[in-house]
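# Overview (structure and organization)
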Amino acid sequence: MYYDKRGLAFTASSQAAVDAFDASVDEFLASGRDAGRLLKRVAEVDPDMIMGQCLRGYFFRLPALADLAVRSDAALLKAQGLAANATERERMHVQALAAWSAGDIRRMNAIWDAILIDHPHDILALRIAHTMHFFLGDLAQMRDSMARVMPRWDESVPGYGYVLGCRAFSLEENNDLGPAETMGKRAVEINENDVWAGHCVAHVLEAQGRRREGIEWIDGHEDAWRKRGVFAQHMWWHRALHYLEFEQYDAVLRAYDREFWPEPSEDNIAIGNASSMLMRLDILGIDVGDRWESVAEICAGRIDARLRAFNDLHFMMALTMAGRRDEAKQMLDSMREFANAHAGGTVTMGATYRDAGVPVAEAILAHGAKDHARVVEIMMQARYRMLPLGGSWAQRDVWDRMLINAALKDGQHGLARALLAERTDMAPTSAPSWSMYAQALDDCGEAQAGDAARAKAAALLAA
Ligand SMILES: [Fe+2]
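Here the structure is a predicted model, which is why all the values come from computation and not from measurement.

How each quantity is defined
- Residues numbered from 1 in each chain as written.
- Predicted model: local features only at pLDDT ≥ 70, side-chain atom pairs only at ≥ 80, totals over all residues.
- Helix = DSSP H or I, 4+ residues; strand = E, 2+ residues; numbered from the N terminus.
- Rg over C-alpha atoms; globule rule 2.2 N^0.38 Å.
- Buried ≥ 20, exposed ≤ 12 C-beta atoms within 10 Å, placed from the backbone.
- Contact = placed C-beta atoms within 7 Å.
- Axes fitted to C-alpha atoms, helices over the stretch in contact; angles between N-to-C directions.
- Parallel < 35°, antiparallel > 145°, perpendicular 65-115°, else oblique.
- Left-handed = near helix turned anticlockwise from the far one by under 90°.
- Nonpolar A, V, L, I, M, F, W, Y, C, P; charged D, E, K, R; others polar.
- Core = buried A, V, L, I, M, F, W, Y, C linked by C-beta atoms within 7 Å.
- Domains from an automatic or database assignment.
- Expected span 1.5 Å × (residues − 1).

This part covers the overall build of the protein. The helix and strand tally for the protein stands at 24 helices and 2 strands. Taken over C-alpha atoms, the radius of gyration comes to 23 Å for the protein, in line with the 23 Å a tight globule of 463 residues would show. If one aligns the C-alpha atoms of the protein with their principal axes, the spans along those axes are about 75 × 45 × 35 Å. Within the protein, the proportion of its 463 residues that are buried is 52%. Here the contacts in the protein between residues at least 6 apart in sequence split such that 58% fall between residues at least 24 apart.

This is the structure in structure tokens:
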């Protein structure tokens, strides 16, 4: 038996194998580019290390790509063959990977959380449970999973900063913004490479509309985060969200072209960044040229691959807005089939597609067809069912914007005014929201209130 740097026992052929495993996990925690390369090193040192196979299985599932999922299943098979000689903790990891392979993601998360009861220093179980609770929109589980382990962590335990960053993000998504900011900033002080903790602070600043600070926060760590992997592009996307709210649309497009979609990417984070920003720009009436084309071209290869509804909706936006409606409709059919095939079963995503994936996809198609009444009809119900899609509040907001746009364009003046009253209450520093509110108030014949809203937008832009 060998031990990792936190004292966790591993079944392995040598300490070198456990050290290689640790190095790969460290790179994963730091959103680095080399986690996969370091994992290969584990296989070279000890091809029969059961946790090496589990890690391989996890890494090939996380990107939600069909061709990689197949490779994850191969790792699962190998891990299952090694389970007889493993520890109980290691066997539970194999069970979690098997649940993932079977689509039973809630059971998988429950297994990782069960591991953490007795092994709160299992930083892989901790971080991956955190990530996958987030992917399911299970915000209470994400918060509580972290809260349970925190008393067992302090600065003397290697990796503490990463744990603090996860705790911070779990609080941020549960709207506990003050402690989230403090913890997130401390985690970045401990380790500037901790882009996930930095991302937590970016979300706090976005949620509170502290836009100049939001830009400065990312500018201030840009050199360190640029050396990280693809997740860093999501930080540039966050910075561009602030440009958007300042109505600096040229800056948004520049960031799009240079920073978060500099070239076509198969990565779902990159596609999400690109698709959702183009959709925001489209809703604001900004000409994005032919930028939808290269995103749609990638998405067209995923019409029949149902792995995560959240990603599919970003594919759907790209296909629809690039004018590839037939392919978008094929994808919608596939989403419906998936929802029907897994109705009431143990595949977690079945209900997600049924309740949120399919309705929002239908609304996106209606948006593309300028059938604004239909968008309103769907989204007035679906907007409150979107949490299980996962992703952040800031990411799902694109579909709330789609609803408001539809209400305005369909001439549903009272509804548009009401939705924008809600939005400006929740996000009072968004100039475009105040501008839209002014339009809605004008449409309702409330010119004086419209002028006040316009003045508010102007004041925000001048600040
Ligand atoms: Fe984010």
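On we go.
Quick look at the environment of Ala-75 now. Locating Ala-75 in the fold gives a position in helix H4 (residues 66–82). In this structure, the C-alpha to C-alpha distance between Ala-75 and Asp-22, residues 53 residues apart in sequence, is 18 Å. The contacts of Ala-75, once residues within four sequence positions are left out, are Gln-53, Arg-56, Gly-57 and Phe-60.

Look at helix H3 (residues 50–61) against H4: their axes get within 8 Å of each other, and the N-to-C directions meet at 160°. When the axis of H3 is compared with that of H4, the two are roughly antiparallel. Of the two elements, H3 crosses H4, and the hand of that crossing is left-handed. For the pair H3 and H4, the contacting residues are Ile-50, Gln-53, Cys-54, Arg-56, Gly-57, Phe-60 and Arg-61 in the first and Leu-68, Ala-69, Arg-71, Ser-72, Ala-75, Leu-76, Lys-78, Ala-79 and Leu-82 in the second. Looking at the contact of H3 with H4, its residues break down into 9 nonpolar, 3 polar and 4 charged.

What follows deals with the nonpolar core. Note on soluble globular proteins: their nonpolar side chains tend to be buried together. If you look at the biggest cluster of nonpolar residues, it comprises 152 residues, and the most contacted ones within it are Ala-318 and Leu-403. Among the elements that take part in this core, helix H19 (residues 348–368) stands out by supplying 10 residues, more than any other.

For the rest of this paragraph, the subject is the environment of Glu-446. Following the sequence through the fold, Glu-446 ends up in the loop between helix H23 (431–443) and helix H24 (447–462). For Glu-446, a count of 16 C-beta atoms within 10 Å translates into the label partly exposed. Measuring from C-alpha to C-alpha, the distance between Glu-446 and Trp-153 comes to 56 Å, with 293 residues separating the pair along the chain.

Let us look at the environment of Ile-215. Its place among the elements puts Ile-215 in helix H12 (residues 211–226). Taking the C-alpha atoms as reference, Ile-215 lies 6.9 Å from His-242; in sequence the two are 27 residues apart. Setting aside its immediate chain neighbours within four residues, Ile-215 contacts Arg-239 and His-242.

The subject of this paragraph is unusual backbone geometry. Located in the positive-phi region is Ser-31, a residue other than glycine, with phi close to 50°. Examined against the element boundaries, Ser-31 turns out to sit in the loop between helix H1 (15–29) and helix H2 (35–45). On the basis of neighbour counts, which here come to 22 C-beta atoms within 10 Å, the residue Ser-31 falls in the buried class. Here Asn-175, not a glycine, exhibits a phi torsion of approximately 65°, which is positive. The residue Asn-175 is located in the loop between helix H9 (160–173) and helix H10 (177–190) in this model.

What follows concerns the domain arrangement of the protein. Frequently, the measure chosen for interface size is the accessible area removed from exposure when the parts meet. As assigned here, the protein comprises domain 1 (1–120) and domain 2 (411–462). When each unit is reduced to the centre of its C-alpha atoms, the spacing between domain 1 and domain 2 is 51 Å.

Its 15 residues give helix H13 (residues 231–245) an end-to-end C-alpha distance of 22 Å, which sits within 8% of 21 Å, the value for a rise of 1.5 Å per residue. Across the 15 residues of H13, 13 count as buried, placing the element largely inside the fold. Two residues or fewer after H13 comes Glu-247, characterised by a positive phi angle close to 60°.

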